[in-house]
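# Working through the structure, step by step
Here is how the chains run, residue by residue.
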Amino acid sequence: LLTKGEYQRSVKDLVNYQTNVVSSLPDDFIAGAFVNNNTLTIDKSRYTSYLAHAERIAADVATRWNAVLNCTPSTSCASTLVNTLGPRIFRRPLTTEEQTAYLAVANGTTGGRSVTDGMQVALTAMLSSPQFLYRSEIGTLSSSGVYKLDGYEMATYLSYTYTGTTPTAALMAAAANGTLNTADGIRSQATTLLNSATTKLLLSDLVNRWVMTEQIETLIKPNVNNFSVLAADMKTELGKNFATAMLDSSGTFANIYNPSYTHVSSRLASHYGLPFSGSPDADGFVRVNTTDRGG
């Protein structure tokens, strides 16, 4: 979809952009939870893979523009793509220069394309741009002489830290109205995010990486039937215990290592010899008090 010149400029822009940003690429997951991935580099081969994914996604969206943007290819729909979807992709408002450039591509002016083709190319370019592939933490120079993350960078930081995904509309609005320029505003938004179900999933992933149980289901236990299924429940149990200790206002440091409770599925309850009673949560787990299953 991109011309050779457009592709070469994209590769160059992505390589240059690495020096000022924090990666949010899938490589973070591969490298591990506690590895600083700023040393990862983008070469032509790696970027070609990112571009291929961007092209595939854009091709899919191009078959259902109305469902995504509530419009069909036209100059007004191209404007919606750039001015409405664009900020969600980049996690910040587009600059005037970016708006002009992407509108020219989306309308087909750049490259002599139809607006139908132009919108698909524009979306491909956005999804393969370093502005999307990387999280900006460049900041702005404050009056005290230090660099401070702007509201949109803070929104992105909070969202990926606590929910593992792009900022919600509410968080973007908080960035726009200046709420995230103050410590109290940041604390308020962080509190809201900490109550989300996604945060608990991230904590579960974190603790299983921490104690190296993330691949426990690959172990062989000859005397345990369907151990891989039971092991997956054990990982969930550990994650729920950790999340409870970390997020419960009455939780203590000791609760992480020696809680007086655990969370079990019906399978785990049977395996541990514990009762399974009460209303299961969305994952089919209940919390039970115990003196010998914690830690």
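Located above this text is the structure these notes cover.
Residues numbered from 1 in each chain as written. Predicted model: local features only at pLDDT ≥ 70, side-chain atom pairs only at ≥ 80, totals over all residues. Heavy atoms only, no water.

Another aspect to go through is the packing of helix 9 (residues 151-162) against helix 12 (residues 197-210). For the pair helix 9 and helix 12, the least separation of the axes is 8 Å and the interaxial angle reads 65°. Contacts between helix 9 and helix 12 pair Y160, T161 and Y162 from the former with T198, T199 and L202 from the latter. Grouping the amino acids of the contact of helix 9 with helix 12 by side-chain chemistry returns three nonpolar, three polar and no charged. (Axes fitted to C-alpha atoms, helices over the stretch in contact; angles between N-to-C directions. Helix = DSSP H or I, 4+ residues; strand = E, 2+ residues; numbered from the N terminus. Contact = heavy atoms within 4.5 Å. Nonpolar A, V, L, I, M, F, W, Y, C, P; charged D, E, K, R; others polar.)

This part is about the nonpolar core. In terms of nonpolar packing, the biggest core is built from 24 residues, with W65, L69, L81, I89, A106, M119 and L123 touching the most fellow members. Not counting residues up to four positions away in its chain, the partners in contact with L81 are W65, L69, G86, A106, M119, A122, L123 and M126. Grouped together as the second largest cluster of nonpolar side chains are 13 residues, L230, V264, Y272 and L274 included. (Core = buried A, V, L, I, M, F, W, Y, C linked by side-chain atoms within 4.5 Å. Buried < 20%, exposed > 50% of the residue type's maximum accessible area, 1.4 Å probe, protein only.)

Next up on the list: the pattern of salt bridges. For the coordinates displayed, the defined rule picks out nine salt bridges. The shortest N-O distance in the salt bridge between R92 and E98 comes to 2.8 Å. The exposure class assigned to E98 is buried, which follows from its relative accessible area of 14%. A salt bridge links D281 to K240; the nearest nitrogen and oxygen atoms lie 2.8 Å apart. Of this pair, D281 sits in the loop between helix 15 (266-272) and strand 6 (286-289) while K240 sits in helix 13 (residues 227-247), and the two are 41 residues apart along the sequence. (Salt bridge = Lys/Arg side-chain N within 4 Å of Asp/Glu carboxyl O.)

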